[in-house]
Amino acid sequence: MKKYNFNPGPSILPEFTIKNTAEAVLNLNGSGLSVMEISHRSKDFVAIMDKSVELMKEILSIPDGYSVVFLHGGASLQFLMIPYNFLNTKAAYLDTGSWASKAIKEAKELGEVVVVASSKESNYNHIPRNYTIPADVDYFHITTNNTIFGTEIKHDMDSPVPLIADASSDILSRPMDVSKYSLIYAGAQKNLGPAGVAVVIIKDTMLEKIKPNVPTMLNYKIHVDNNSLYNTPPCLAVYACLQTLIWLKDMGGLNKIHKVNLEKAKLLYDEIDSNRLFVPGVTDAEDRSVMNVTFVMKEEYKDMEAKFLEFASSQGLIGIKGHRSVGGFRASIYNAMSLEGVQALVNAMKDFAKQV
Ligand SMILES: *Cc1c(COP(=O)(O)O)cnc(C)c1O
């Protein structure tokens with residue numbers, strides 16, 4: 001049976017990425033060597049790194065004056081690196097979920113944090129509105145997509161201070177106006193590649209603002225100046241990311257994938273809204289994530305949740321159990337998930353409703 005992988009992360013990757021990476025593990029470009037056993041300073045690997053940076057810039061239309069680096073430590077290390085480099089006195093954060101609050105926790109160790117708004121009281125089921133970004137802070141940090149709760153900030157906002165975004169779970173899912181941001185970071189394992197690497201897009205003028213005495217490995221400038229090769233990068237993970245970038249460019253880039261992503265999300269949200277068994281995790285359509293769709297069963301059917309998971313799994317639908325802090329279900333429908341996969345989930349929801 002065909003399996004459809006709705007895991008939140010690590011998550012589905014294009015078959016193109018997996019096949020090409022498997023091949024390169026055995027024999028990179030006919031060299032007779034594995035991509036895992038060549039020097040990161042070899043011509044072959046430097047070309048892989050350079051091409052990955054070039055495609056990131058091309059696909060995301062990153063303007064001049066920005067650098068792209070691939071770093072170890074996942075998105076979570078960025079929670080620390082950002083305040084370590086840029087928090088002088090005060091920083092502002094928008095608290096939209098667990099990842100945002102983890103980022104806040106790290107910043108609080110290093111300076112004053114202003115939480116401009118939080119949706120914690122309602123278990124993060126919406127994106128707060130009507131807040132003011134203070135003008136006297138070093139930066140403003142947002143999480144563009146809240147992987148666990150299924151909310152997303154789908155527009156590129158204006159900010160009076162440098163805007164920093166954790167885009168781990170929606171990077172490359174839509175065109176983005178990078179010029180509005182001073183720094184964008186993403187752990188690769190949601191929409192780009194395997195775990196073990198994070199991509200950081202940083203405005204070069206930010207490099208001049210880095211505080212003194214930042215430890216070498218945590219210093220953005222060191223990584224930018226060394227083209228992500230200060231120490232040995234996660235070579236295999238970067239190679240896999242490159243394959244996804246090639247796949248994305250070949251399939252038509254962000255305008256194309258965004259259209260498909262919107263179509264997938266609409267199909268699933270429409271079913272959640274109309275199926276008598278389910279209710280959406282996020283009611284305001286404006287806040288609904290295009291990448292992580294959360295839903296639960298109506299009160300009167302709550303005890304059927306385990307049964308539906310079992311039924312879905314029997315249909316080859318993998319990874320739709322909701323996060324423990326939300327319950328119910330979550331379907332992660334990242335770039336690599338096909339419309340056909342979402343249709344299979346919708347069909348299972350319809351079929352299950354007929355049985356109940
Ligand atoms: C998964 C995720 C993270 C954590 O990523 P790691 O690479 O495991 O550190 C942070 N932020 C968001 C929005 C995520 O989805």
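Residues numbered from 1 in each chain as written. Predicted model: local features only at pLDDT ≥ 70, side-chain atom pairs only at ≥ 80, totals over all residues. Heavy atoms only, no water.

## Quick notes on the overall build of the chain
Then, number 1: Along the backbone of the chain there are ten helices and 14 strands.
Then, number 2: Relative to the compact-globule value of 21 Å for 356 residues, the chain shows a C-alpha radius of gyration of 21 Å, a close match.
Then, number 3: If you line up the chain on its principal axes, its C-alpha atoms span 60 × 55 × 30 Å.
Then, number 4: Considering the chain as a whole, with its 356 residues, one finds that 56% of them fall into the buried category.
Then, number 5: Considering only intrachain contacts with a sequence separation of at least 6, the fraction spanning at least 24 residues in the chain is 66%. (Helix = DSSP H or I, 4+ residues; strand = E, 2+ residues; numbered from the N terminus. Rg over C-alpha atoms; globule rule 2.2 N^0.38 Å. Buried < 20%, exposed > 50% of the residue type's maximum accessible area, 1.4 Å probe, protein only. Contact = heavy atoms within 4.5 Å.)

## Here we look at the site of the ligand
Then, number 1: Around the ligand, a shell composed of 13 residues is seen, among which Ser76, Thr147, Asp166, Gln189 and Lys190 lie nearest.
Then, number 2: A distance of 2.6 Å separates a nitrogen atom of the ligand from a polar atom in the side chain of aspartate 166.
Then, number 3: A distance of 2.9 Å separates an oxygen atom of the ligand from a polar atom in the side chain of glutamine 189.
Then, number 4: Contact with the protein chains removes 88% of the 390 Å² of surface that the ligand exposes when unbound. (Near = heavy atom within 4 Å. Polar contact = N/O pair within 3.5 Å; in protein donor to acceptor, adjacent residues only side chain to side chain. Areas by Shrake-Rupley, 256 points an atom, 1.4 Å probe, with all protein chains shown as cover.)

## Description of the environment of proline 134
Then, number 1: Topologically, proline 134 is positioned in the loop between strand S4 (112-118) and strand S5 (140-143).
Then, number 2: C-alpha separation for the pair proline 134 and lysine 120, spaced 14 residues apart in sequence, amounts to 21 Å.

## Overview of the domain arrangement of the chain
Then, number 1: Domain boundaries in the chain define domain 1 (15-251) and domain 2 (253-355).
Then, number 2: Distance from the C-alpha centre of domain 1 to the C-alpha centre of domain 2: 27 Å.
Then, number 3: At the interface, 27 residues of domain 1 touch 27 residues of domain 2.
Then, number 4: For the pair domain 1 and domain 2, the summed buried surface comes to about 2,300 Å²; carbon and sulfur atoms form 51% of the total.
Then, number 5: In terms of surface lost to domain 2, no three residues of domain 1 exceed Arg129, Ile148 and Met251, which account for 21% of the buried area on that side. (Domains from an automatic or database assignment. Buried area = accessible area lost by both parts, 1.4 Å probe.)

## Some words on the sheet that holds strand S14 (residues 329-332)
Then, number 1: One open sheet holds the three strands; their spatial order is S11-S12-S14, and the pairing between them is antiparallel. Each of the sheet's edge strands pairs with one partner strand only, and the pair in question is strand S11 (278-280) and S14. The average undirected angle you get between the axes of adjacent strands in this sheet is 35°.
Then, number 2: Here strand S12 (residues 292-297) runs beside S14; their pairing, made up of four bridges, is antiparallel. Opposite threonine 294, over in S14, you have arginine 330 as the bridge partner.
Then, number 3: Where helix H8 (residues 253-274) meets the sheet, it contacts S11, S12 and S14, and its direction lies at approximately 15° from that of S12. (Pairing = 2+ DSSP bridges. Axes fitted to C-alpha atoms, helices over the stretch in contact; angles between N-to-C directions.)

## Looking at the sheet that holds strand S8 (residues 163-166)
Then, number 1: With respect to topology, seven strands assemble into an open sheet ordered S2-S10-S9-S8-S5-S3-S4, the strand pairing being mixed. Only two strands of the sheet have a single neighbouring strand rather than two, namely strand S2 (66-71) and S4. Between one strand axis and the next, the sheet turns by 20° as a mean value, whatever way the strands run.
Then, number 2: With two bridges connecting them, strand S3 (residues 90-95) and S5 associate as parallel partners. Residue pairing across strands places alanine 92 opposite phenylalanine 140, the latter belonging to S5.
Then, number 3: Each of S2 and strand S10 (198-203) is contacted by helix H2 (residues 43-59), which is oriented at about 130° to S2, the strand it contacts most.

## Considering helix H4 (residues 98-108)
Then, number 1: Buried residues of H4: Ser98, Ala100, Ala103, Ile104 and Ala107, and no others.
Then, number 2: Tucked into the core, H4 has its buried residues touching helix H3 (74-86), S3, S4 and S5.

## Here's the deal with the pattern of salt bridges
Then, number 1: Summed over all chains, the structure comprises 15 salt bridges.
Then, number 2: The shortest N-O distance in the salt bridge between lysine 221 and aspartate 225 comes to 2.7 Å. With lysine 221 and aspartate 225 both in helix H6 (residues 220-225) and four residues apart, this pair spans about one turn of that helix.
Then, number 3: You can call lysine 221 partly exposed: its relative accessible area is 37%.
Then, number 4: Residue lysine 266 pairs with aspartate 270 through a salt bridge whose shortest N-O separation is 2.5 Å. Of the two residues, lysine 266 and aspartate 270 both sit in helix H8, four residues apart, roughly one turn of that helix. (Salt bridge = Lys/Arg side-chain N within 4 Å of Asp/Glu carboxyl O.)

## Let's talk about the packing of aromatic side chains
Then, number 1: In the structure shown here, the tally under the stated rule is 13 aromatic pairs.
Then, number 2: Considering the side-chain rings of phenylalanine 278 and phenylalanine 295, the 5.6 Å spacing of their centres and the 75° angle between planes classify their relative orientation as edge-to-face. Of this pair, phenylalanine 278 sits in strand S11 while phenylalanine 295 is found in strand S12, placing the two residues 17 residues apart along the sequence.
Then, number 3: Judged by centre distance (5.2 Å) and plane angle (65°), the rings of phenylalanine 308 and phenylalanine 352 are edge-to-face. Here the residue phenylalanine 308 occupies a position in helix H9 (residues 305-314), and phenylalanine 352 occupies one in helix H10 (residues 339-355), the gap between them amounting to 44 residues.
Then, number 4: Relative accessible area serves as the criterion here: at 0%, phenylalanine 308 is assigned to the buried category.
Then, number 5: Its relative accessible area of 3% is what places phenylalanine 352 among the buried residues.
Then, number 6: Grouped by ring-pair contacts, the aromatic residues Phe278, Phe295, Phe308, Phe311, Phe329 and Phe352 constitute a single cluster. (Phe/Tyr/Trp six-rings, centres within 6.5 Å; stacked < 30°, edge-to-face > 60°.)

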